Amino acid sequence: MKDRILIADLNQHIDQEVAICAWTDTRRDQGKMVFFEFRDRTGKVQGVTLPNSPAMEIAKTLRSEWVVKVTGKVNKRPERNIQADKINGDIELEVLGVEVLSEAHELPFNSTADLNLDTLLDNRPLTLRRPREQAIFKVQSEILGSFREFLTKENFTEFRAPAIVGGDAEGGTEVFKFDYFYGKTAYLGTSPQLYKQMMVGVFERVFTVANVFRAEKHATARHLNEYTSLDIEMGFIDGPEDVMKMESRLLKYVTEHLKKVCSKEFELLGAEFPLIPEGDMFPAMKLTDAQKLISDATGVDCTQEPDLDPEHERWLCEYSKKEFGSDFIFITNYPRTKRPFYAMDDENVPGRTKCYDLLFRGLELISGNQREHRYEKLVEKMKWKGLDPEKFSFYLQAFKYGLPPHGGLGMGLERLTARFLNIPNIKEATLFPRDINRIDQLLSKDNDTQK
Ligand code: AMO
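A short tour of the structure in this document, coming up. (Residues numbered from 1 in each chain as written. Predicted model: local features only at pLDDT ≥ 70, side-chain atom pairs only at ≥ 80, totals over all residues. Heavy atoms only, no water.)

**Considering the overall build of the protein chain**
Right, so step 1: Looking only at helices and strands, the protein chain has 13 helices and 19 strands in total.
Right, so step 2: On the principal axes, the C-alpha backbone points of the protein chain span a range of 85 × 55 × 45 Å.
Right, so step 3: Taking all contacts inside the protein chain whose residues are at least 6 apart in sequence as the whole, residues at least 24 apart take part in 66%.
Right, so step 4: Put simply, the protein chain shows about 22900 Å² of open surface, and 49% of that area lies on carbon and sulfur atoms. (Helix = DSSP H or I, 4+ residues; strand = E, 2+ residues; numbered from the N terminus. Contact = heavy atoms within 4.5 Å. Areas by Shrake-Rupley, 256 points an atom, 1.4 Å probe, with all protein chains shown as cover.)

This is the structure in C-alpha cells:
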C-alpha cells in the first residue's frame, strides 16, 4: 500500500510521522489512554493513543484481528519503559489516525493459550497467525529454500512430476483411485519415483518437491495421507554411498542455513539445532548390525525381523547421539522382500539390497537406494515382486534405451520440520494436514450435518 512503512523498519523513522498497515494484535485500555500491539509480516510494535489524539474515538472500537492502516509518530520510549529483549522495545507509535481496512469477528479461541490439536486444526486459517505456528512454517519455508539452493548449486535440475498417474508406482503402498476418461481408472501418485528415474536420462541429476498421496488409514503422529516429498535422483554413481554423502551434505547445509536465519524461531519453539558430526557422511550401520546391538542391549531378540520397530528407531538414534555425536544415522542393507522392485540387489550379501534409511531424532526421515538400472534385471525383479512389466512399459522405455547407474531418495518435508523443531506430532508441522479423520474439517462433523 502507498506510503506504508514495515513495522521492522520503524526505528529508522524516529520522530517522523509514518503509516503502517497491520493487524490489531491486542488492545488494552488504560486510564484515558488506549494501547495496542500492531502486527505485520515483519513484527510487532506498541501503539499508544493519547487522550487528546484525534484517533481516540475510532481507536476504542478496534478489536483483535481488525486490519488497519494507522498513521502516527514514531517516538523513542522513555528509558524506564524500554524493553531491550523485544523487537521495537525501544520505540512506540503514537496513534494519530486509524483507517479500518477490514473488521473482524471475535476469535473463537484464546489466542495466547496452549491449544489442543483439534482446536489448532479446526481453526487453521487463524491459528496459523500465532507466533508459534508462524515460526514453524517460516522454518519449513527456509528448509525448502535451502534444499533448492543446495541442489541447484550441485547442478541438479528441478522438475515437476505429475500427481495423476496411470498405475501404482511403488507397488507397496495403498493408492487413491478415481474414475478417469474412457472408463479408465487413474491414481494419485504415491511418489515421483518413476518420473525422477526417467528424468535421470534427461538431466542426470534431478530433484523435485512433490505432493504425494498415501491411502493407508493413517491416524498416527508420523503419517499423513498427503505429504510433501523432497526427492533427489542422481546418475553416474559408484554406489549408494554417493547418494548418502550428498544427503549428508544437504542436511548439513540446511542446518547451517537455519542457524543463520531461524535462530529466533528455534528459540521460540525451545528447539535445538541437530548434532552433526565431522566428515562427509553421517554414521551408517547395516540393519543386521543394528539389530544385534539392540538385541544385546535390550535382551529382546529382533535379529530375524525384516524391519525396525519405531522403538528400535528411537533406540538407535539415542545410540548414535551418544556414540557418534550425531542426531542422524543411516541404516543400510534391508532385505529385498521389504524393499521396492527398483532397489538394486547387493551382489555381496544375498537377499539384501543396496538401500538406506536415514533416522533423525527417533524417526525415519528418508528412504532410498541405488536403483537397478539394467533393463533385463529390472524386468526380472518386477516379476519376482509379482508385478506385470507390461504395466510399466512406459517407464521401462527409459531403461531399454540406456540409463546410467543411479540412485536417490525421498524425504518427508513435514517429518523433517517436526524433527528439527522437536514437535511430537507431524500434523503440527503440516499447514493443512489430511489424515483418516480430517480434510481441513473433521470428517465425522460432515457426517453429522448430513444426517
Ligand atoms: P518411502 O515410501 O519410504 O519411500 O517414503 C520416503 C519418505 O517419505 C516420508 N513419508 C511420509 N511422511 C508422512 N506421511 C506418510 N504417510 C509418509 N510416508 C512416507 C518419510 C519417508 O522416509 N520412492 C521412495 C523414495 C526413494 O527411494 O527415492 C519412497 O517414497 O519421511
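**Looking at empty space enclosed by the protein**
Over the atoms rolls a probe the size of a water molecule, and its path tells where empty space is left.
Right, so step 1: Inspection of every chain in the model, using the stated rule, returns one cavity of 30 Å³ or more.
Right, so step 2: Of the voids in this model, the largest cavity is the one considered here, and its volume is about 40 Å³.
Right, so step 3: Lining the largest cavity, in full, are L121, R124, L431, F432, P433, R438 and D440.
Right, so step 4: Of the residues that constitute the lining of the largest cavity, the class distribution is four nonpolar, no polar and three charged. (1 Å grid on protein atoms, 1.4 Å probe; cavity = no way out; pocket = protein on both sides within 12 Å on 5 of 7 lines; lining within 4 Å. Points joined across faces, edges and corners; volume = space filled by probe spheres on them. Nonpolar A, V, L, I, M, F, W, Y, C, P; charged D, E, K, R; others polar.)

**Quick notes on the pattern of salt bridges**
Right, so step 1: Taken as a whole, this structure holds 30 salt bridges when the rule is applied.
Right, so step 2: Note that D327 and R361 form a salt bridge whose closest N and O atoms lie 3.6 Å from each other. Of the two residues, D327 sits in the loop between α9 (310-324) and β13 (328-332) while R361 sits in the loop between β14 (355-360) and β15 (363-370), which places them 34 residues apart along the sequence.
Right, so step 3: For D327, a relative accessible area of 7% corresponds to the buried category.
Right, so step 4: The exposure class of R361 is buried, given its relative accessible area of 15%. (Salt bridge = Lys/Arg side-chain N within 4 Å of Asp/Glu carboxyl O. Buried < 20%, exposed > 50% of the residue type's maximum accessible area, 1.4 Å probe, protein only.)

**Here we look at the sheet that holds strand β18 (residues 438-439)**
Right, so step 1: Taken together, three strands build an open sheet; the order of strands is β17-β18-β19 and the sheet is antiparallel. Strands at the two margins of the open sheet, each flanked by one partner only, are β17 (434-435) and β19 (441-442). (Pairing = 2+ DSSP bridges.)

**Section: the packing of aromatic side chains**
Right, so step 1: Within this structure, the stated rule accounts for 19 aromatic pairs.
Right, so step 2: Ring centres 4.5 Å apart and planes at 5° place the aromatic pair F282 and F328 in the stacked group. With F282 in the loop between α7 (263-268) and β12 (284-286) and F328 in strand β13, this residue pair connects regions lying 46 residues apart in the sequence. Residue F282 shares its accessibility class with F328, and that shared class is buried.
Right, so step 3: In this structure an aromatic cluster arises from ring pairing among F266, F273, F282, F328, F330, Y356, F360 and F420.
Right, so step 4: When the ring centre of F35 is taken as reference, the NZ or CZ atom of R28 above it lies at 4.8 Å.
Right, so step 5: We note R339 situated over the ring of Y334; from NZ or CZ to the ring centre the distance is 4.1 Å. (Phe/Tyr/Trp six-rings, centres within 6.5 Å; stacked < 30°, edge-to-face > 60°. Lys NZ or Arg CZ within 6 Å of the ring centre and 35° of its normal.)

**A few points about the site of the ligand**
Right, so step 1: Near the ligand, the surroundings consist of 23 residues, among which Q193, K196, E364, L365 and R371 are the closest.
Right, so step 2: R371 places a side-chain nitrogen or oxygen 2.8 Å from an oxygen atom of the ligand.
Right, so step 3: Computed on the free molecule, the ligand has an accessible area of 630 Å², of which 92% lies beneath the protein chains in the complex.
Right, so step 4: Residue assignment for the shell around the ligand shows that the elements contributing at least two residues are α5 (193-203), β15 and β16 (406-412).
Right, so step 5: Counting residues per element, the shell around the ligand draws most heavily on β15, at five residues.
Right, so step 6: When its residues are assigned to classes, the shell around the ligand shows seven nonpolar, nine polar and seven charged. (Near = heavy atom within 4 Å. Polar contact = N/O pair within 3.5 Å; in protein donor to acceptor, adjacent residues only side chain to side chain.)

**Remarks on a negative patch on the surface**
Right, so step 1: Taken together, the side chains of D301, E305, D307, D309 and E311 present a region of like negative charge at the surface.
Right, so step 2: As for its placement among the helices and strands, E311 is situated in helix α9. (Patch = residues over 30% accessible without salt bridge, like charges linked within 9 Å, V, L, I, M, F, W, Y side chains within 5 Å. Lys, Arg positive; Asp, Glu negative; His and termini not counted. Charge placed at Lys NZ, Arg CZ, Asp CG, Glu CD.)

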